[in-house]
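This is what each chain is made of:
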Amino acid sequence: MHDDRLFDEKIAATYDDDKGISAPEVIEPAVDLLAELAGGGRALEFAIGTGRIALPLARKGVQVEGIELSRPMVSRLRAKEGGAEISVAIGDMVTTDVARRFSLVYLVFNTINNLTSQDAQLACFRNAAAHLEPGGHFLIEVGVPPLQRLPVGETILAFDHGETHWGVDEYDVVNQNFSSHHIWLRDGSYERFSVPFRYAWPAEFDLMARLAGLRLKERWGGWKKELFTQVSDKHVSVWQKVEG
């Protein structure tokens, strides 16, 4: 789960440096789709972090609030233009209740995987549903488990390699868990950072949604509403709260 032990000041200080998640061409399609789904109502971001998505969404006129467990990440949000105006509840996305209802709850960039048990992921869906108005939407962006790329008996997949950064995912296919290991070369020395995750297939998320009183409305292969296919490496899924 997100907490200061994993997403501490050191990680928060460089979180936005990753152009793969912070470049305008990455942010803008996400913000456009979220604004469309909010439909003029309020939006709540689970694990709001540094405000990478929330701040540009607020600039589009959407009233955004957030939940975040890492205080250093929230401090980074507060230091940005407009960050002081966004209400953020310090707490986890499984149990925290902000006592308001929203037309959109969203959770981006694989963050559902930070919940490392099925029970916790289901509780996140239920918490999202509890924060939604009837007919409101819950959206997650998450990768499709790349197990087709694993040779039989192997557990390691590299996801990044360069002169200053290496990234490796280590899979436990029996227990449906994996760990992402990052190694950076900085100022002549190596630094390592590892994060535990739990992966789930789209169908499992759909069942969690049904148990939470949500039904699948849309599933795309990306923020530009790309077709979701057998070779999609991620999905943007939207569930709607059942009215009545």
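All chains use their own residue numbering, which begins from 1 and follows the written sequence. With the structure being a predicted model, the display of local features is reserved for residues of pLDDT at least 70 and the display and counting of side-chain atom pairs for 80 or more, all residues being used for whole-chain, interface and lining totals. Derived side-chain values reflect all non-hydrogen atoms in the structure, with water molecules and hydrogen atoms excluded from consideration.

### Quick word on the overall build of the chain
Elements are defined by DSSP. Helices are runs of H or I of four residues or more, strands are runs of E of two residues or more, and each kind is numbered from the N terminus. In terms of helices and strands, the chain carries 7 helices and 11 strands. Here the globule rule reads 2.2 Å times residues to the power 0.38, and the radius of gyration is calculated from C-alpha atoms. A compact globule built from 244 residues would reach a C-alpha radius of gyration of about 18 Å, and the chain, at 18 Å, matches this within 12%. For the chain, with 244 residues in total, the buried portion stands at 50%. Contacts in the chain between residues far apart in sequence, at least 24 positions, make up 59% of those at least 6 positions apart. For accessible areas, the Shrake-Rupley method is used with a probe of radius 1.4 Å. Any residue's cover is judged against the shown protein chains and nothing else. Put simply, the chain shows about 12200 Å² of open surface, and 51% of that area lies on carbon and sulfur atoms. By the counting rule applied here, Lys and Arg register as positive and Asp and Glu as negative, while His and the ends of each chain are not counted. Charge coordinates come from a single atom per side chain, which is NZ of Lys, CZ of Arg, CG of Asp or CD of Glu. Of the charged side chains in the chain, 26 are positive and 35 negative; the average position of the first set lies 5 Å away from that of the second. Buried residues are those whose accessible area, probed at 1.4 Å on protein chains only, stays under 20% of the maximum for their type, while exposed residues exceed 50% and partly exposed ones sit between those limits. For this analysis, residues touch if any pair of their heavy atoms sits within 4.5 Å.

### Points about the sheet that holds strand β6 (residues 156-161)
By the convention used here, strands pair only if DSSP detects at least 2 bridges between them. Read across the sheet, 4 strands follow the order β6-β7-β8-β9 without closing on themselves; strand pairing throughout is antiparallel. Each of the sheet's edge strands pairs with one partner strand only, and the pair in question is β6 and β9 (189-198). Averaged over neighbouring strand pairs, the angle between their axes works out to 20° when direction is ignored. One ladder, built from 10 bridges, connects strand β8 (residues 177-186) with β9; its direction is antiparallel. Residue L185 lies in a different strand from β9, and its bridge partner there is Y190. Helix axes are fitted only over the stretch in contact, all axes being lines through C-alpha atoms; the angle between N-to-C directions runs from 0 to 180 degrees.

### Considerations on helix α6 (residues 118-130)
Here α6 contains 13 residues, and its C-alpha end-to-end distance of 18 Å stays within 8% of the 18 Å for a straight helix at 1.5 Å per residue. Every buried residue of α6 is listed here: A120, Q121, L122, C124, F125, N127, A128 and A129. By this rule, a helix spans an expected 1.5 Å times one less than how many residues it contains.

### Describing the packing of aromatic side chains
Only Phe, Tyr and Trp rings are paired, with Trp represented by its six-membered ring, and only when their centres lie within 6.5 Å; those with planes under 30 degrees apart are stacked, over 60 edge-to-face, the remainder tilted. Within this structure, the stated rule accounts for 12 aromatic pairs. When the ring of F125 is compared with that of W239, the centres are 5.1 Å apart and the planes differ by 70°; the resulting orientation is edge-to-face. Here W239 lies in strand β11 (residues 234-241) and F125 lies in helix α6, a separation of 114 residues in the sequence. Overall, W239 belongs to the buried group, its relative accessible area being 0%. An aromatic cluster of three or more residues is present, and its members are F46, F125, F138, F205 and W239. Directly above the ring of F102 sits R42, whose terminal nitrogen or CZ lies 5.3 Å from the centroid. Two conditions define a charge located above a ring, namely a distance within 6 Å from the ring centre to NZ of Lys or CZ of Arg, and an angle within 35 degrees of the ring normal.

### Regarding the UniProt feature "domain: Methyltransferase" (unreviewed entry) in the chain
UniProt positions are given in the numbering used here, feature names are shortened, and annotations may be inferred rather than shown by experiment. Feature annotation in UniProt assigns "domain: Methyltransferase" (unreviewed entry) to the following positions: residues 44-136. Each end of residues 44-136 is marked by a C-alpha atom, and these two atoms are 11 Å apart; helix forms 30% of the span and strand 25%.

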